[in-house]
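Residue strings, one per chain:
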Amino acid sequence: MTTLPSGFARARRWLRDHPLAFDATLAFCVLIAMICGSFADPGKGHGPTFGTRTPEAFSVLLMVLAASALVLRRRHPMPVLAVTGVLTATEYIFMDPPAPVVMSTVIALYTVASRTDRPTTWRVGLLTMGILTVAAMAFGSTPWYSQENLGVFAWTGMASAAGDAVRSRRAFVDAIRERAERAERTREEEARRRVAEERLRIARDLHDVVAHHIALVNVQAGVAAHVMDKRPDQAKEALAHVRDASRSALNELRVTVGLLRQSGDPEAPTEPAPGLAVLDELVDTFRNAGLPVEVAGADRGPGLPAAVDLAAYRVIQEALTNVRKHAGAGAKAEVSVVRVGTTAEVTVLDDGRGSAAGSPGTQSGGSDPAGGTGTGAPDGGGHGLLGMRERVTALGGALTAGPRYGGGFRVHAILPIEARTGEPEPPGPAVATGERR
């Protein structure tokens, strides 16, 4: 069963969706009101009386024309006001007592005030009030101070004020709606930005884990294949290192991918993120792969934030992986982590001269300061240094990397101990000519 409020709501929605039908209905109602009012005689002392007079045919014509003009009040508010105003003034000039044609002008003036700005409302409203009030006072048979003449002034003034109030409220509601929509768009953009940052972070972690361990597996597998026939014991040792490296890779991948699990998924990871506390284990994996690594200094004092600790570990891991891939045979590496004031400085050096797979001097074909010319990696551009730079700059630090004078490569990262989370800077040239991937 349809309730009365729901019926009114549907009727209101229908009229809002069909403004021309609403204006036609309003014009008809105004016409009925004007015709009814034209049967009233203002009287001399005790108010108007009904049934003592009938409207003239000319007045009925003016009322019909004025009501018909109101049908177009939304599309042409100013012309409709001009037409109704002229018809009202004509009624005041030629008919006595006049019919209430002024009702149509009041509706038209309200429409103009609700659809224009305030200065226009003031100018048009004062002009309409002045013309109609003067016409009523000058050409009517009643005294100029009669209530009918003052009523013309009051009703036109109230129409202007009501239209301006409606326009102000509509503008206020529109501004609130616009702010709400802007806030919603901002929330969606912020959510998309956070998703993109999280995807970038996970991509960096996956790159660091996979690149490090796969490089070690590749080296140890090559050693095993080379010595399988002549030195089976050494081949078994190399295969054991392959097994350990692959197990470590699987464990770290399980931890990283575990971050993507839903809250109800079983076996959520509980292992902490790697950091400088396991730096010796990381260095040992490279030593087992045949890369001599010396830890010149390792500041593992308390107070290092987890994000900075993880970033320092990943920088060392990626830098040593690059040394193992590109520095060539016989290269040595040196790692140091020192605390300087409110920052932690991570440095990874090597003395490599390059290999067939890539040189320490270049990945893009630049000249090596040591005198050699890099050949570039055969697999194209990688993302190692770019990922390191993004990771460091996201914490408010800085990373520099490039060839060393006399040969080799140097990676140096400065990390603030009080890390801040900010938007990563746009990827720029992380290193000079001769960069590694």
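Keep in mind the model is a prediction, meaning the values are calculated, not measured.

Conventions we followed
Residues numbered from 1 in each chain as written. Predicted model: local features only at pLDDT ≥ 70, side-chain atom pairs only at ≥ 80, totals over all residues. Heavy atoms only, no water. Helix = DSSP H or I, 4+ residues; strand = E, 2+ residues; numbered from the N terminus. Buried < 20%, exposed > 50% of the residue type's maximum accessible area, 1.4 Å probe, protein only. Contact = heavy atoms within 4.5 Å. Areas by Shrake-Rupley, 256 points an atom, 1.4 Å probe, with all protein chains shown as cover. Polar contact = N/O pair within 3.5 Å; in protein donor to acceptor, adjacent residues only side chain to side chain. Axes fitted to C-alpha atoms, helices over the stretch in contact; angles between N-to-C directions. Parallel < 35°, antiparallel > 145°, perpendicular 65-115°, else oblique. Left-handed = near helix turned anticlockwise from the far one by under 90°. Nonpolar A, V, L, I, M, F, W, Y, C, P; charged D, E, K, R; others polar. Pairing = 2+ DSSP bridges. Patch = residues over 30% accessible without salt bridge, like charges linked within 9 Å, V, L, I, M, F, W, Y side chains within 5 Å. Salt bridge = Lys/Arg side-chain N within 4 Å of Asp/Glu carboxyl O. Lys, Arg positive; Asp, Glu negative; His and termini not counted. Charge placed at Lys NZ, Arg CZ, Asp CG, Glu CD. Expected span 1.5 Å × (residues − 1).

## Section: the overall build of the protein chain
Stage number 1. Scanning the protein chain for helices and strands turns up 11 helices and 7 strands.
Stage number 2. A burial count over the protein chain gives 38% of its 437 residues as buried.
Stage number 3. Partitioning the intrachain contacts of the protein chain with sequence separation of at least 6 by distance along the chain shows that 68% fall at a separation of at least 24.
Stage number 4. About 24500 Å² of surface is accessible on the protein chain, with carbon and sulfur atoms providing 61% of the total.

## As for the side chain of Asp23
Stage number 1. Turning to its location among the elements, Asp23 is positioned in helix α2 (residues 19-38).
Stage number 2. A distance of 3.1 Å separates a polar atom in the side chain of Asp23 from a polar atom in the side chain of Arg73.

## Topic: the packing of helix α10 (residues 306-326) against helix α11 (residues 384-394)
Stage number 1. Interhelical geometry of α10 versus α11 gives an angle of 165 degrees and a closest axis separation of 10 Å. With respect to their mutual orientation, α10 and α11 come out roughly antiparallel. Where α10 crosses over α11, the handedness of that crossing is left-handed. Only Gly384, Leu385, Met388, Arg391 and Val392 of α11 make contact with α10, whose side of the interface consists of Leu310, Ala311, Arg314, Val315, Glu318, Ala319 and Asn322.
Stage number 2. Per-class residue counts for the contact of α10 with α11 are 7 nonpolar, 2 polar and 3 charged.

## Re the pairing of strand β5 (residues 343-350)
Stage number 1. For β5, a buried count of 7 out of 8 residues is recorded, marking the element as mostly surrounded by other parts of the structure.
Stage number 2. Sheet topology places strand β4 (residues 333-340) next to β5; 8 bridges connect them, and they run antiparallel. Within β5, the residue paired with Val338 across the bridge is Glu345.
Stage number 3. Taken together, the 8 bridges between β5 and strand β7 (residues 409-416) define a ladder with antiparallel strand orientation. Of the residues in β7, the one forming a bridge with Val348 is Val411.

## Section: the environment of Val295
Stage number 1. Among the secondary structure elements, Val295 is positioned in strand β3 (residues 293-298).
Stage number 2. On a C-alpha basis, the gap between Val295 and Leu279 in space is 9.3 Å, while along the polypeptide they are 16 residues apart.

## A word on a positive patch on the surface
Stage number 1. Together, Arg10, Arg12, Arg13, Arg16 and Arg169 give the surface a local cluster of positive charge.
Stage number 2. Ranked by the residues each element gives to the positive patch, the list is headed by helix α1 (residues 4-17), at 4 residues.
Stage number 3. By secondary structure assignment, the location of Arg10 is in helix α1.

## Notes on the packing of helix α9 (residues 279-288) against α10
Stage number 1. Contact geometry of α9 with α10 gives a least axis separation of 11 Å together with a crossing angle of 10 degrees. On the basis of their axis angle, the class for α9 and α10 is roughly parallel. Contact residues: Leu279, Leu282 and Phe286 in α9; Tyr313, Ile316, Gln317, Leu320, Thr321 and Arg324 in α10.
Stage number 2. Residues of the contact of α9 with α10, tallied by class, amount to 6 nonpolar, 2 polar and 1 charged.

## Considerations on the pattern of salt bridges
Stage number 1. Tallying each qualifying case throughout the model produces 10 salt bridges.
Stage number 2. Between Glu178 and Arg182 there is a salt bridge; the shortest N-O distance is 3.3 Å. Note that Glu178 and Arg182 are positioned in helix α7 (residues 147-227) at a spacing of 4 residues, about one turn of the helix.
Stage number 3. The exposure class assigned to Glu178 is partly exposed, which follows from its relative accessible area of 44%.
Stage number 4. Given the relative accessible area of 39%, Arg182 is considered partly exposed.

## With respect to α10
Stage number 1. Here α10 contains 21 residues, and its C-alpha end-to-end distance of 30 Å stays within 8% of the 30 Å for a straight helix at 1.5 Å per residue.
Stage number 2. Among the residues trailing α10, Gly328 stands out with phi positive, at a value near 95 degrees.

## A look at the environment of Ala165
Stage number 1. Here Ala165 is to be found in helix α7.
Stage number 2. What makes Ala165 partly exposed here is its relative accessible area of 46%.
Stage number 3. Along the sequence, Ala165 and Ala113 sit 52 residues apart, while their C-alpha atoms lie 8.6 Å from each other.

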